[in-house]
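Reading the structure
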Amino acid sequence: MSVSDKIKALPGLLQAALAGQKDRVVLWLPVLFSFGVGGYFALPFEPSGVLVAALWLVMALLWFLLAPLRFSHAGMTGLWFVLGAFLFVSSGF
């Protein structure tokens, strides 16, 4: 299997992995939040509050806008979950 075939198969693999974790999504939220806290303390400088808030608002807006499409289009469920994961990581930031 070539590298390009593996890249093409990645969305399906991600969606299958997320489907397997569907019952445990709530248990992953504190883990994602702690990644954000750890990322914040790992930085050598304190980021601008306005920049962090703007980034969080953009991700939250995209997450809410994609919510109605998550089951209607192929691949949107995985994107919606990944964006939600980044949203929780940035919430810990």
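Our subject in this report is the structure included herewith.

Criteria and cut-off values
Residues numbered from 1 in each chain as written. Predicted model: local features only at pLDDT ≥ 70, side-chain atom pairs only at ≥ 80, totals over all residues. Heavy atoms only, no water. 1 Å grid on protein atoms, 1.4 Å probe; cavity = no way out; pocket = protein on both sides within 12 Å on 5 of 7 lines; lining within 4 Å. Points joined across faces, edges and corners; volume = space filled by probe spheres on them. Helix = DSSP H or I, 4+ residues; strand = E, 2+ residues; numbered from the N terminus. Nonpolar A, V, L, I, M, F, W, Y, C, P; charged D, E, K, R; others polar. Contact = heavy atoms within 4.5 Å. Buried < 20%, exposed > 50% of the residue type's maximum accessible area, 1.4 Å probe, protein only.

**Remarks on the layout of surface pockets**
Volume-wise, the largest pocket comes out at about 400 Å³. Of all the secondary-structure elements, those providing two or more residues to the lining of the largest pocket are α1 (3–20), α2 (25–42) and α4 (76–92). In terms of residues, the lining of the largest pocket owes the most to one element, α4, which gives 6 residues. Its residues assigned to classes, the lining of the largest pocket comprises 14 nonpolar, 2 polar and no charged.

**Regarding the environment of Phe 93**
On the secondary structure map, Phe 93 appears in the segment after α4. Sequence separation of Phe 93 and Phe 64 is 29 residues, and the distance between their C-alpha atoms is 20 Å. Once residues within four sequence positions are removed from consideration, Phe 93 is found in contact with Gly 36, Val 37, Gly 39, Tyr 40, Leu 43, Pro 47 and Val 52.

**Regarding the environment of Tyr 40**
Tracing the backbone through its elements, the reader meets Tyr 40 in helix α2. For Tyr 40, a relative accessible area of 25% translates into the label partly exposed. Those residues within four positions of Tyr 40 in sequence are excluded, and the remaining contacts are Glu 46, Pro 47 and Phe 93.

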